[in-house]
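Residue strings, one per chain:
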Amino acid sequence: MNPVLFSTVREWLSAEGLTQPFSGMDFAGCDDFELSGFAPLEMAGASDVSFWVGDNFKSDTNVPGFSDSVLRQVQAGLLFVPASLVADPESLMSLKARLPKVRALMPVENPHHAMVEFLKRFACDGADGVKGADGMNGAAHAVPDSVRIHPTAVVEGVVGEGCRIGPHCVVMAGAELGANCVLESSVTIYPHVKIGEGCIFQAGAVIGSRGFGFYEYQGKRRMIPHLAGVRIGDRCSFGANTVVAAGFLAPTSIGNDSHFDSMVEIAHNCKVGNHVFMASQSALAGSVTVGDGSEFAGAAKVADHIAIGRNVRVAAKAGVTRNVPDGKTVSGFPALEIDLWRRCMVRLKQLGKK
């Protein structure tokens, strides 16, 4: 996003009716300053905007019951907080004591909604488009002589040495490809996607599209903008029609030397490690973490907010609904350790014959 002054944001919040400061109370507690980014609460820096909905809440970017020791390390420039937590000067001072490194606290009715509206106003281009990394939509960049681009491709982002971009591919403004990447045909790379070196994308792959995220406000389900993009390491490959969705406030991330078959889905805010393999039609729901060296057989699925350990094996068509420790092999639905699942299947067949 382009830098914006805190005073501008404050005036906009007031004009939109998103905050109603109480008379005589200084919620900001600071002079004017510049805001230049956004991030989850635990990752926010001194010039970032973030939000916190209180202790008893679960979402992609908030963990229930943040301890005071964690809160004391939060360094956001501007933090949206529930107005219910600052009903009087005494409660305001108490909240400031819990968040001493936050430069400006802003009480709002619904922090999640305020964060979304902020992104739509200051980080989006139009209804839900994303500003390029340099703030210039459609900005052209010099293309190295070693790059080969098909005449039907559209390249507005940054492309490294030796890349090959095939017919009908699109690299949007704000995207970055490392050296020697290959986009075979009809591949779409969205803004705020950064890809390492030597990655291969087969036909129809889509990297950085908006995640499937919604929240409820005033009785209506509303769409969440996912503007944090995707980060991909080196030497990864993506099969035909594979999709990797962008993150909300932090990017979806994939490590080095990971490989994905056709029609694999990696949802928003997932964190996939190194040397991970996913066979065709396997999928990760939002905010899943996958450790190094794990493998997923065909059509395996993982529910949201699940942690998959290192060197885990997930059998074909398994449905994982709880965390899996390092080195385990699971199968079935809901997924169980494979030896237990096999015994269950034997017993089920025996019962079926009675």
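Residues numbered from 1 in each chain as written. Predicted model: local features only at pLDDT ≥ 70, side-chain atom pairs only at ≥ 80, totals over all residues. Heavy atoms only, no water.

Q: Just checking my understanding: could you explain the pairing of strand 20 (residues 214-217) for this structure?
A: For a regular strand, side-chain orientation follows a simple rule: the groups alternate between the two sheet faces. The alternating pattern of strand 20 places Tyr-215 and Tyr-217 on a buried face and Phe-214 and Glu-216 on a face that is not buried. Across 4 bridges, the pairing between strand 20 and strand 21 (residues 220-223) is antiparallel. Bridge pairing links Glu-216 to Arg-221 in strand 21. Between strand 20 and the antiparallel strand that follows it, strand 21, lie 2 residues; Gln-218 among them carries a positive phi value of about 55°. (Buried < 20%, exposed > 50% of the residue type's maximum accessible area, 1.4 Å probe, protein only. Helix = DSSP H or I, 4+ residues; strand = E, 2+ residues; numbered from the N terminus. Pairing = 2+ DSSP bridges.)

Q: What is the right way to read empty space enclosed by the protein from this model?
A: Over the atoms a probe the size of a water molecule is rolled, and this reveals where empty space is left. Applying the stated criterion across every chain, the model contains 1 cavity of 30 Å³ or more. By volume, the largest cavity amounts to about 30 Å³. What lines the largest cavity is simply Gly-17, Leu-18, Val-108, Glu-109, Asn-110, His-113, Ala-114 and Tyr-217. (1 Å grid on protein atoms, 1.4 Å probe; cavity = no way out; pocket = protein on both sides within 12 Å on 5 of 7 lines; lining within 4 Å. Points joined across faces, edges and corners; volume = space filled by probe spheres on them.)

Q: Explain the sheet that holds strand 4 (residues 48-51) to me, please; I cannot follow it from the model alone.
A: One key point about sheets: their strands pair by backbone hydrogen bonds, in either a parallel or an antiparallel sense. With parallel pairing, 4 strands are arranged side by side in an open sheet as 3-4-5-6. On the outer flanks of this sheet lie strand 3 (37-38) and strand 6 (104-108), each paired with one strand and no other. This element, helix 1 (residues 6-15), spans strand 5 (78-82) and strand 6 of the sheet and lies at about 10° to strand 6. (Contact = heavy atoms within 4.5 Å. Axes fitted to C-alpha atoms, helices over the stretch in contact; angles between N-to-C directions.)

Q: Before we go on, may I ask you to explain helix 4 (residues 111-122) in this structure?
A: An α-helical turn contains 3.6 residues, so a residue and the one three or four places further along point in the same direction. When the terminal C-alpha atoms of helix 4 are compared, their 16 Å separation across 12 residues agrees well with the 16 Å that a helix rising 1.5 Å per residue should span. Within helix 4 the residues assigned to the buried category are Pro-111, His-112, His-113, Ala-114, Met-115, Val-116, Glu-117, Phe-118, Leu-119 and Phe-122. Where helix 4 begins, the side chain of Asn-110 points an oxygen toward the backbone nitrogen of His-112, at a separation of 3.1 Å. (Expected span 1.5 Å × (residues − 1). Polar contact = N/O pair within 3.5 Å; in protein donor to acceptor, adjacent residues only side chain to side chain.)

Q: What am I meant to see in the packing of helix 1 against helix 4 here?
A: For any two helices packed against each other, the geometry comes down to the angle between their axes and how far apart the axes lie. Two elements in contact, helix 1 and helix 4, have axes separated by 12 Å at closest approach and are oriented at 115°. As for the relative orientation of helix 1 and helix 4, their crossing is right-handed in sense. Facing helix 1, whose interface residues are Thr-8, Val-9 and Trp-12, helix 4 presents Glu-117, Phe-118, Arg-121 and Phe-122. Here the contact of helix 1 with helix 4 is composed, by residue class, of 4 nonpolar, 1 polar and 2 charged. (Left-handed = near helix turned anticlockwise from the far one by under 90°. Nonpolar A, V, L, I, M, F, W, Y, C, P; charged D, E, K, R; others polar.)

Q: How should the pairing of strand 19 (residues 206-209) be read in this particular structure?
A: As defined by bridge partners, strand 16 (residues 188-189) adjoins strand 19 across 2 bridges and the pair is classed as parallel. Note that in strand 19 the partner of Thr-188 across the bridge is Val-206. Sheet topology note: the strand 19/strand 24 (residues 243-245) ladder contains 3 bridges and is parallel. Looking at the pairing, Ile-207 lines up with Val-244 of strand 24.

Q: Explanation requested: a nonpolar patch on the surface in the structure shown.
A: On the surface, Phe-212, Phe-214 and Met-223 cluster together to form a nonpolar patch covering roughly 350 Å² of accessible area. Along the chain, Met-223 turns up in strand 21. Classification of Met-223 by relative accessible area gives partly exposed; the value is 40%. (Patch = residues over 30% accessible without salt bridge, like charges linked within 9 Å, V, L, I, M, F, W, Y side chains within 5 Å. Areas by Shrake-Rupley, 256 points an atom, 1.4 Å probe, with all protein chains shown as cover. Salt bridge = Lys/Arg side-chain N within 4 Å of Asp/Glu carboxyl O.)

Q: Sorry, what's going on with the sheet that holds strand 36 (residues 319-320) here?
A: If you walk across this open sheet you meet the 9 strands as 10-13-16-19-24-27-30-33-36, and the pairing is parallel. The outermost strands of the open sheet, each flanked by one partner alone, are strand 10 (154-155) and strand 36.

Q: What should I look at first to understand the packing of aromatic side chains in this one?
A: How two aromatic rings sit relative to each other is given by the distance of their centres and the angle of their planes. As enumerated under the stated definition, the model contains 8 aromatic pairs in all. Each ring, one from Phe-212 and one from Phe-214, has its centre 5.0 Å from the other, and the planes form 75°; the classification is edge-to-face. The class of Phe-212 is exposed, set by a relative accessible area of 72%. What makes Phe-214 partly exposed here is its relative accessible area of 36%. Through pairs of rings, three or more aromatic residues link up here, namely Trp-12, Phe-80, Phe-118 and Phe-122. The lysine or arginine in question, Arg-121, covers the ring of Phe-122, its NZ or CZ lying 4.7 Å from the ring centre. (Phe/Tyr/Trp six-rings, centres within 6.5 Å; stacked < 30°, edge-to-face > 60°. Lys NZ or Arg CZ within 6 Å of the ring centre and 35° of its normal.)

Q: What's the story with the side chain of Ser-91 in this structure? I'm lost.
A: Turning to its location among the elements, Ser-91 is positioned in helix 3 (residues 89-98). Here Leu-85 takes part through its backbone oxygen, which lies 3.5 Å from a polar atom of the side chain of Ser-91. Here Ser-91 is in contact with Leu-85 and Val-86, once residues within four sequence places are set aside.

Q: What's the story with unusual backbone geometry in this structure? I'm lost.
A: If a residue is not glycine, its phi is most likely negative; likewise, a peptide bond is most likely trans. The omega torsion across Phe-333 and Pro-334 is -10°, close enough to zero to call that bond cis. Secondary-structure assignment places Pro-334 in the loop between strand 37 (329-331) and strand 38 (336-337). Of note, the phi angle at Asn-180 is positive, near 65°, even though the residue is not glycine. Considering the arrangement of structural elements, one finds Asn-180 in the loop between strand 14 (176-177) and strand 15 (182-183). In this structure Asn-180 comes out as partly exposed when scored by relative accessible area, which is 48%.

These values are about where atoms sit, not about what they do.
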